[in-house]
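Working through the structure, step by step
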Amino acid sequence: MRERVLSAAARRGMFLSPEALEIVLSNSDPPAFINNVLSNLANNPMFVTEEDVMGCLSGDAPAFVSPKTIAPRNKTRSDMTVIKGTDVTGESTCEGKITDFAAYFQDRYARLRKIIVNKRAFGGGDMPIENALRMDREIRIVGMVGDVRDTKNGHRIMSLEDDKGGHCKALILNDSPHIRDVIVNDSVVGVIGTPSGQGSKRDMIIVKELIKPDVPETNRWEPSDSTASIAFLSDVHVGSTTFLEKEWKRMMDWLKRNSVEREINYLVLPGDVVDGIGIFPGQEEELSIPDIYGQYARLAEYLKDVPDHILIAVQPGNHDAVRPAEPQPALGKVFTEAFDSNVIMTANPVYLDVEGRKVLSYHGRSIDDWIAGVQQLTYEDPLAVMREMVSGRHMAPSYGQRTALAPEKKDYLVIEEVPDIFVTGHVHGAGQMVHRGIRMINASTWQDQTDYQKRHNFNPSPAIMPVVHLGTGRVTMENFA
Ligand SMILES: [Fe+2]
Ligand SMILES: [Fe+2]
C-alpha cells in the first residue's frame, strides 16, 4: 500500500513527507484519498507536507468530505459540446431599445437574486425594498447597486434598487467587516440590516451583513474516471508582426509528440485568435497579414497541424471580426470556411461540456474595467479579478464602461452554473489557481510585447499552454518561451 501511495504521488512529480504519508495510510482507502489530496493541492508543490494533507481534510479544500465522495464520478461522454442556452450565436434578440435594457437588467437581477436567497448565509427570504423600509426590525433585501461612494467619515453608501421599483440607500459603517468589500455598479447584492430614519423620509438601511452570490466554500472538484486533458491557447493574435511563430512551432511539435500519451484531447482558444484590423490607431504598421480573411486563413492552416484526435473550440475576443458588444456571437462562416471539421466555433462567453466538466471560457475584455474601477485590482494579478467575477457571479457587471454590453433578453454574462474550469485571456498573463474547487486560469498569449505595451510598461507572459487533467483537476503550465 505504501508503494502504491508513493508512486501515485511520484507520477505527478510530487513527494510525500513521512508525516504526510502516515496520515494518508491511516485512511480507510489510501489510494483514493491520496488522489483526492493531490488533485486538490492549490499550487502543485513538489513536497507534500502534513499541513497540505490536513488542509485537504478540512478548511479551504475539502477534498475528503465523506467516504462516499471518494468514488470517482463517471464521465458522461468523451467529447466537447456547447452547453445549451449559454451561446448567443443565432439567439440574439436585442435591438438596443430602452425596453431591451429593462428586460436585460431584470433577467440579471432575477437570476442573481435566486442564488443569493438560496444561500445559507442569507438565512431566509427577502422582501421588497419598499416594504423593508417600513419595518422596525432586521430585514433582508436584494438589490442592484446603482452607485457607491465613500463619505467624509470613511463610511460607504450605496444605492440599491429591486425589481419592484423600490430603492434605498444602504450604509456600510466604517467599522463594518464589509467596509473593504469590492462593490461595483450594476452588481447584485443581498443585505441584512435595519432601516433607519423617520416616517416618510425613511430611505436608509444600515448594513449588518453584505451577502454576495458567490460560490459555496464547500464547492470542490469531484474526481472522475476521465483520463484526458484539456489545453488552452489564448490570444494567438495571428497576423501581428509580434506573433511568436518560433514558440508556436515549438508548442506544436510538443503537442504532436505528447498529446497522444498525455491524452490531450481538447483545445480551447479563448479569443483574440487573430490580431484583426483597425482595432487601434496605427495598427497597420504592426500587421504581417494586413487582411482579415488572410489572418483567419492562416490560423486555419496553423490549426491543421494540431493532431487529428484533438477537438478544438475557437471563441472570439475584442480583436476578432464579430460585434464588439458582449456576449459576442461565434465567428461567421465567411471567416471560418477554411477550418477543419474538428474545430467548433463558439460565442464569447460560453460554457462547454467536456467529459462532464463545465468549462466556462470568457475572453476577458471586462478585466480592463474591473482594474480601472477597483483600486486593489491590477494587471499583474488577473486571477484576483476572476475571483471577484466568481464572487459576484458576473463577468462584466458595470454598464457603460469599455466593455460594451448588448442588452439581450438573457444576461449571458451571469455565472449561473458554477464551472469546474474558468478560463480567461485578454491581459496576456499566465497564471492558475484553485479557488473554491474551481480551476481558474489566465491562458497566456502567443504575441510578444507590443510597442504599446512597452510604452505602458506592461510585460506579458507569452508562449505558455495551461493543461488541465479532466479526471484529477491537476493543472500544469507548459512553457514554450
Ligand atoms: Fe489579446
Ligand atoms: Fe483581448
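Residue numbering note: each chain is counted from 1, following its sequence as written. Throughout, the order in which chains and ligands are written sets their labels, letters from A for the former and numbers from 1 for the latter. Reporting in this predicted model follows two pLDDT cut-offs: at least 70 for local features of residues, and 80 or more for side-chain atom pairs to be given and counted; totals over whole chains, interfaces and linings ignore these cut-offs and use all residues. As a rule here, side-chain values cover all heavy atoms of the structure and leave hydrogens and water aside.

1. Some thoughts on the sheet that holds strand 15 (residues 421-424)
Definition in use: In this scheme, strands are said to pair when DSSP sees at least two bridges between them. Runs of E in the DSSP output that reach at least two residues are strands. Runs of H or I that reach at least four are helices, and both are numbered from the N terminus. Throughout, an axis means a line fitted to C-alpha atoms (over the contacting stretch in the case of helices), and angles, computed between N-to-C directions, take values from 0 to 180 degrees. The contact rule is simple, with two residues in contact once any of their heavy atoms fall within 4.5 Å.
Overall, mixed pairing links the six strands, which are arranged 3-13-14-15-17-16 in an open sheet. A single partner strand is all that each edge strand has here, and the edge strands are strand 3 (80-82) and strand 16 (430-435). Each strand of the sheet is rotated relative to its neighbour by a mean of 20°, with strand direction disregarded. As paired elements, strand 16 and strand 17 (residues 438-443) share six bridges and run antiparallel to each other. Its bridge partner lying in strand 17, His-435 is registered against Ile-438. Relative to strand 17, helix 11 (residues 382-392) is tilted by about 135°, and along the sheet it contacts strand 14 (357-362), strand 15, strand 16 and strand 17.

2. Observations concerning the nonpolar core
What counts is decided by this rule: The definition of a nonpolar core used throughout is a set of buried Ala, Val, Leu, Ile, Met, Phe, Trp, Tyr and Cys residues joined through side-chain atoms within 4.5 Å. Residue exposure (1.4 Å probe, protein chains only): buried if accessible area is under 20% of the type maximum, exposed if over 50%, otherwise partly exposed. Annotation comment: domain bounds sourced from an automatic or database domain assignment.
Trp-370, Met-389, Met-395, Phe-422 and Met-440 are the most contacted members of the largest nonpolar core, which totals 41 residues. Going through the elements one at a time, helix 5 (98-117), strand 4 (139-150), strand 7 (188-196), strand 14, helix 10 (367-373), helix 11 and strand 17 are the ones with two or more residues in this core. Ranked by residues supplied to this core, first place goes to helix 5 with seven residues. Among the domains, domain 2 (120-211) and domain 3 (229-479) are the pair contributing at least three residues each to this core. If sequence neighbours within four positions are ignored, Trp-370 has contacts with Val-182, Val-184, Leu-377, Val-385, Glu-388, Met-389, His-394, Met-395 and Pro-397. Ranked by size, the runner-up nonpolar core spans 36 residues in total, among them Phe-243, Trp-248, Ala-300 and Val-306.

3. Overview of the coordination of the iron ion (ligand 2)
To be explicit about the condition: Counted as donors are the N, O and S atoms within 2.8 Å of the metal, or 3.2 Å for Na, K and Ca, while water is not among the atoms, so some sites may look incomplete.
Protein ligation of the iron ion (ligand 2) involves Asp-272 (OD), Asn-318 (OD1), His-363 (NE2) and His-426 (ND1), the donor distances falling in the range 2.1 to 2.2 Å. Counting along the primary sequence, the residues that act as donors to the iron ion (ligand 2) give the motif D-x45-N-x44-H-x62-H. The distance between the iron ion (ligand 2) and the iron ion (ligand 1) comes to 3.4 Å, with Asp-272 serving as a donor to both metals. Of this pair, His-363 sits in the loop between strand 14 and helix 10 while His-426 sits in the loop between strand 15 and strand 16, and the two are 63 residues apart along the sequence. Accessibility expressed as a relative area gives 0% for His-363, which makes it buried. Judged by relative accessible area, which is 12%, His-426 ranks as buried.

4. Some words on the coordination of the iron ion (ligand 1)
Note on metal sites: the ideal angle is 109.5 degrees for four tetrahedral donors, and 90 or 180 degrees for six octahedral donors. Note the following rule: Irregular is the label for any site that misses the other tests, which are tetrahedral for four donors with all angles between 85 and 135 degrees, and square planar for four donors or octahedral for six when opposite donors exceed 155 degrees and the remaining angles lie between 65 and 115.
Taken together, the protein ligands of the iron ion (ligand 1) are Asp-235 (OD), His-237 (NE2), Asp-272 (OD) and His-428 (NE2), with distances of 2.0 to 2.3 Å. Coordination at the iron ion (ligand 1) comes from four donor atoms whose angles at the metal span 88 to 174°, giving a geometry best classed as irregular. When the donors of the iron ion (ligand 1) are listed by position in the chain, the intervening gaps give D-x1-H-x34-D-x155-H. The buried category is assigned to Asp-272, whose relative accessible area is 1%.

5. Here's the deal with the sheet that holds strand 8 (residues 204-211)
The strand order 4-5-6-8-7 describes a closed barrel built from five strands, whose pairing is mixed. Strand-to-strand, the axes of this sheet are offset by a mean angle of 55°, without reference to chain direction. Both strand 4 and strand 5 (residues 156-161) contribute to a ladder of five bridges, which runs antiparallel. Bridge pairing in strand 5 links Met-144 to Glu-161. Contacts from helix 5 reach strand 4, strand 5, strand 7 and strand 8, with the element oriented near 125° to strand 4.

6. Some remarks on the domain arrangement of the protein chain
We count it as follows: What gets called buried area is simply the loss in accessible area from a 1.4 Å probe that two parts show on being joined, summed for both. The salt bridge definition used is simple: a Lys or Arg side-chain nitrogen within 4 Å of an Asp or Glu carboxyl oxygen.
Here the protein chain is partitioned into domain 1 (2-70), domain 2 (120-211) and domain 3 (229-479). With six residues of domain 2 at the interface, the matching set in domain 3 holds seven residues. Buried area between domain 2 and domain 3, both sides added, is near 540 Å², and the carbon and sulfur share of it is 59%. Together, Val-182, Val-184 and Asp-186 form the three largest contributors to the area buried by domain 2 at its contact with domain 3, with a combined 76%. At the boundary of domain 2 and domain 3, one finds zero salt bridges.

7. Regarding a nonpolar patch on the surface
Put simply, the test is: Patch membership requires more than 30% relative accessible area and the absence of a salt bridge. Residues of like charge join within 9 Å; the nonpolar side chains Val, Leu, Ile, Met, Phe, Trp and Tyr join within 5 Å. Only the protein chains shown count as covering a residue, and every accessible area follows the Shrake-Rupley method with a 1.4 Å probe.
Residues Phe-15, Met-46 and Phe-47 make up a contiguous nonpolar surface patch of roughly 350 Å² in combined accessible area. The residue Phe-15 is located in strand 1 (residues 15-16) in this model. Exposure remark for Phe-15: the relative accessible area of 45% places this residue in the partly exposed category.

8. Brief notes about unusual backbone geometry
The residue after Glu-326, namely Pro-327, is reached through a cis peptide bond having omega 5°. Residue position: Pro-327 is located in the loop between strand 11 (311-315) and helix 9 (333-336). Asn-348 connects to Pro-349 through a cis peptide bond whose omega is 0°. Mapped onto the fold, Pro-349 is located in the loop between strand 12 (343-345) and strand 13 (350-354). Its identity is not glycine, yet Asp-235 carries a phi of approximately 45°, on the positive side.

9. Observations regarding helix 1 (residues 2-11)
Rule in force here: Here, the arc refers to the directions that run from the helix axis to the C-beta atoms.
Of the positions making up helix 1, those classed as buried are Val-5, Ala-8 and Ala-9. Here the buried residues of helix 1 occupy an arc of 95° about the axis, which is enough to place them on one side. For helix 1, the exposed residues lying more than 90 degrees away from the buried face are Glu-3, Arg-4 and Arg-11. Two residues or fewer after helix 1 comes Gly-13, characterised by a positive phi angle close to 70°.

10. Thoughts on the packing of helix 1 against helix 2 (residues 18-25)
Each pair of packed helices gets described by two things: the angle between the helix axes and the distance between those axes. Quick note on the threshold: In these notes the angle categories are as follows: under 35 degrees is roughly parallel, over 145 is roughly antiparallel, 65 to 115 is roughly perpendicular, and the rest is oblique. When the near helix sits turned anticlockwise from the far one by under a right angle, the crossing is termed left-handed; a clockwise turn instead gives a right-handed crossing. For this classification, the nonpolar set comprises Ala, Val, Leu, Ile, Met, Phe, Trp, Tyr, Cys and Pro, the charged set comprises Asp, Glu, Lys and Arg, and every other residue, Gly included, is treated as polar.
Their axes nearest at 11 Å, the elements helix 1 and helix 2 cross at an angle of 120°. Overall, the two elements helix 1 and helix 2 adopt an arrangement that is oblique. Relative to helix 2, the crossing made by helix 1 is right-handed. Each of Arg-2, Val-5 and Leu-6 in helix 1 lies in contact with helix 2, whose residues at this interface are Leu-21, Glu-22, Val-24 and Leu-25. Its residues placed into classes, the contact of helix 1 with helix 2 shows five nonpolar, no polar and two charged.

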